[in-house]
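Structure assessment
Given next are the chains, with one letter for each unit.
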Amino acid sequence: MRLTLLAIALLVSFGLYSQNNRLSGFTEAEAQVELQIEKRFDGQLQPSNLKEWMKKLAARPHHLGSPYGKQDAEFVRDQFRSWGYEAEIETFHVLFPTPRVRILEMTSPRKFRAKLVEPALKEDGTSAQKDEQLPVYNCYSPDGDVTGELVFVNYGLPDDYKQLERLGIDVKGKIVIAKYGGSWRGIKPKVAQEHGALACIIYSDPEEDGYYQGDVYPRGAYKNQSGAQRGSVIDLPVAPGDPLTPGYGATEDAKRIERKESDVLLRIPVLPISYGDAEPLLASLQGPVAPPGWRGALPLTYHIGPGPATVHLKLEFNWDIVPCYNVIARLKGSEEPDQWVLRGNHHDAWVNGASDPVSGLVAMMEEARALGELVKTGWKPKRTIIYCAWDGEEPGLIGSTEWVETHAEELKQKAVAYINSDGNERGFLYAGGSHTLEKFVTEIARDVEDPENHISILERSMSAQAVNAGDPKSRMEILDKKEVRLGALGSGSDYSPFFQHVGVPALNLGFGGEGGGGEYHSIYDSFDHYTRFKDPTFEYGIALAKTAGRATLRLADAQRLPFVFKSFYTTANSYLTDVIALLDNMRKATDAENKLISEKRFLYAADPAKKFVSPKPEEAVPYLDFSSLQNAMARLGTASEEFEKLSGQNTPGPNERELNALLCQAEQRLLSTSGLPRRPWYRHTIYSPGYYTGYGVKTLPGIREAIEQRNWNEAQEQIAVAANAVDSYSQQVEKAVSMIKEGKQSEK
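Residues numbered from 1 in each chain as written. Predicted model: local features only at pLDDT ≥ 70, side-chain atom pairs only at ≥ 80, totals over all residues. Heavy atoms only, no water.

We now examine the overall build of the protein chain. Regarding its fold elements, the protein chain presents 23 helices and 18 strands. Taken against the 2.2 N^0.38 rule, which gives 27 Å for 748 residues, the C-alpha radius of gyration of the protein chain at 26 Å falls within 12% of a compact globule. Expressed as lengths along the three principal axes of its C-alpha atoms, the size of the protein chain is roughly 85 × 65 × 60 Å. Across the protein chain, every contact between residues at least 6 apart in sequence was considered, and the portion connecting residues at least 24 apart equals 80%. A total accessible area of about 28,200 Å² is found for the protein chain, and carbon and sulfur atoms account for 49% of it. (Helix = DSSP H or I, 4+ residues; strand = E, 2+ residues; numbered from the N terminus. Rg over C-alpha atoms; globule rule 2.2 N^0.38 Å. Contact = heavy atoms within 4.5 Å. Areas by Shrake-Rupley, 256 points an atom, 1.4 Å probe, with all protein chains shown as cover.)

Look at the link from glycine 305 to proline 306: it is a cis peptide, with omega at 0°. With respect to the secondary-structure elements, proline 306 resides in the loop between α8 (275-283) and β9 (310-331). The amide bond that connects aspartate 356 to the next residue, proline 357, takes the cis arrangement and shows omega of 15°. Relative to the helices and strands, proline 357 is located in helix α9 (residues 354-376). A positive phi angle, close to 55°, is found at leucine 116, a residue other than glycine. Within the fold, leucine 116 resides in the loop between β2 (112-113) and β3 (138-139). Positioned with a positive phi, histidine 521 is a non-glycine residue whose angle comes to about 60°. On the accessibility criterion, histidine 521 (4% relative accessible area) is buried. (Buried < 20%, exposed > 50% of the residue type's maximum accessible area, 1.4 Å probe, protein only.)

Between the first and last C-alpha of helix α18 (residues 539-557) there are 26 Å, a value that for 19 residues agrees with the 27 Å anticipated at 1.5 Å per step. Judged by how many residues are buried, α18 sits mostly within the fold: 17 of 19 residues are covered. (Expected span 1.5 Å × (residues − 1).)

In this section: the side chain of threonine 699. Among the structural elements, threonine 699 can be located in strand β18 (residues 697-699). Note on threonine 699: relative accessible area 9%, which makes it buried. Excluding its chain neighbours within four sequence positions, the residues that come into contact with threonine 699 are Ala488, Tyr575, Ile686 and Arg704.

Let us look at the packing of aromatic side chains. Applying the stated rule across the entire model yields 28 aromatic pairs. Relative to tryptophan 83, the ring of phenylalanine 80 lies with its centre 5.4 Å away and its plane at 65°, an arrangement referred to as edge-to-face. Residue classification places tryptophan 83 among the buried residues on the basis of a relative accessible area of 10%. An angle of 35° between the planes, with centres 5.7 Å apart, marks the rings of tyrosine 530 and phenylalanine 538 as tilted. The buried category is assigned to phenylalanine 538, whose relative accessible area is 2%. One aromatic cluster is present, built from ring pairs that chain together Trp53, Phe80, Trp83, Tyr85 and Tyr387. Directly above the ring of phenylalanine 75 sits lysine 56, whose terminal nitrogen or CZ lies 5.1 Å from the centroid. One cation-aromatic arrangement involves lysine 190 over tyrosine 691; the distance from NZ or CZ to the ring centre is 3.3 Å. (Phe/Tyr/Trp six-rings, centres within 6.5 Å; stacked < 30°, edge-to-face > 60°. Lys NZ or Arg CZ within 6 Å of the ring centre and 35° of its normal.)

Turning next to the pairing of strand β8 (residues 270-273). The alternating pattern of β8 places Val270 and Pro272 on one face and Leu271 and Ile273 on the opposite face, and all of these are buried. Across 4 bridges, strand β6 (residues 199-203) lies against β8 in parallel orientation. Bridged to isoleucine 201 within β8 is leucine 271. (Pairing = 2+ DSSP bridges.)

All told, the structure shown has 5 cavities of 30 Å³ or more when counted by the stated rule. The calculated volume of the largest cavity comes to roughly 80 Å³. As for the largest cavity, its lining consists of Leu676, Pro677, Arg678, Arg679, Tyr691, Pro701, Gly702, Glu705, Ala706, Gln709 and Glu714. With 4 residues, the top contributor of residues to the lining of the largest cavity is helix α22 (residues 701-708). Tallied by class, the residues present in the lining of the largest cavity amount to 5 nonpolar, 2 polar and 4 charged. (1 Å grid on protein atoms, 1.4 Å probe; cavity = no way out; pocket = protein on both sides within 12 Å on 5 of 7 lines; lining within 4 Å. Points joined across faces, edges and corners; volume = space filled by probe spheres on them. Nonpolar A, V, L, I, M, F, W, Y, C, P; charged D, E, K, R; others polar.)

Structure, rendered in structure tokens:
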């Protein structure tokens, strides 16, 4: 993007901030040594390595269980060994269905059969590898053979079905067609199933990532009429990982449940298609015209149906158990070998996967190679560094989840933090994670130069946020804070099992926003596409290596682990304010709507004949008692403020080892032993993916979702659960405060 004068002015004001070279967790003298190490680290990074490795790793399709997937894992392992790491492949055995039969046809009012094919392009050197490519499908869809009238359901989310209800349209016994977008793909068939649909079709509308956004591939980056998005529809918000070994590692001899016993497998068939295949289906619908917000960019009037379009969908799959190859590489710590800094990126893809995930993987590999070069000069990390190249991320975070479930008890004792990356491209730093690491990430972003503007990635990211802020108030909030704002983590990548199941502090890092494109999960996610449109010079791959590399180095070498509890308190307390406001607003809206209903002023069309009826009034929203959680937050505020005052001097004490163990295990105190309602695998009381958002985060999820679902008893119960977790967390912070005080006393 082109920066405005406002952004340039911001850069000047941020310049003073960027001159501060203090590093959390290091004394001033230690910080100077660390910065020199990082300078040497930067000097080792070579963009040509990223390009060479991407060309090799993305040369063939390498999905879970594929021959080239194994070759890629072995190549990555051997590279780590050549750089001085102890590297092995840890193999799991997991369920991975692949398609055998795919038929989608319209039987009336006219005949049409979907192509379900992405054609090879002469401009894309790997697009013709048909014998190795997985065809377009949704992984973990069940087998099915159904025929029914078609209904267009917009994005296929719960609010869309409320709109259908007001129009008098019922999808029971019908086949629904939904647009990609609005939420994670697996939510669409899940909600359709809950409403009695026979099947779900998901298509990519050109408004989302096709010609509406820009020129289509190969002329431009965006999705052409044949491009389609593969992807998993496992019920990720219930649990990731192998669906047949819930909660424990899928080792070769593990006990496996039957598919019908799994809580995460759908019961209705689902298939993704291109907008070229979707257009004849949508053009044949009648019934009400879709609301304006539902309409896409195809050259037709969007009708909802049902019918007269009737479609037949037949799907059959090979339900195979396949090997899942995780590469685990260790660089042993010289002082604290039993404290682990974990760094990961997945290596599997739906097809060639140059952008997703190889762009992030090669950046991580170059980062690891540069650390290996530092070791040759005499540097050794104080803590053990473990690099992980995960398999099976695409079907449902399988490789990382199985590894975490297998090593859970060891991770609880030894893990300091997990640093994740995934796909990467030109653009701005994005960062999410535990808010105890917000200051830590800010310091890193301050010290990494943006390759395009030659200012810090902190300054560039915040300038972009300020320029794009929707109003002056939001702009001033960005300017006043002068820090990275970590996004809350939901799901969608390999941080989830570490963070939300075991309670390991986590970060998710990457660059994006200027690559553009509609290649996601298609055969066109290729080396040719990436080097034309995403990051042609691999400069932002190097920027990722510098950013995640600093995170890894500083966590490995810090005398005191750089967790700041005040940042977490401020953020978590704002979540509490949000849920209280959510309840209050629901109460006001319900009271107002019920008043309109009682006065016969709220009517809607119950059927296409336009017969108007009044909806049923909603149950009144009660008052909930938040006092236990408010008191817990107040206690945390006091403890975190005292901790910050005492730890701000970065002065190590005689009990730093015990203190660091206390600090890195604090996140575990935020876990609930029973997990979230109806999905106990997710145990974090502050952050989780939403039950109907998939990748999207829900904060204070037990409380928030109970309120949204109007389950008032459960909401009150979850307030108590969260309060207990925050109290337990505060106890950990208070212990840290006492330990620092004792250390200072002993020094006197």
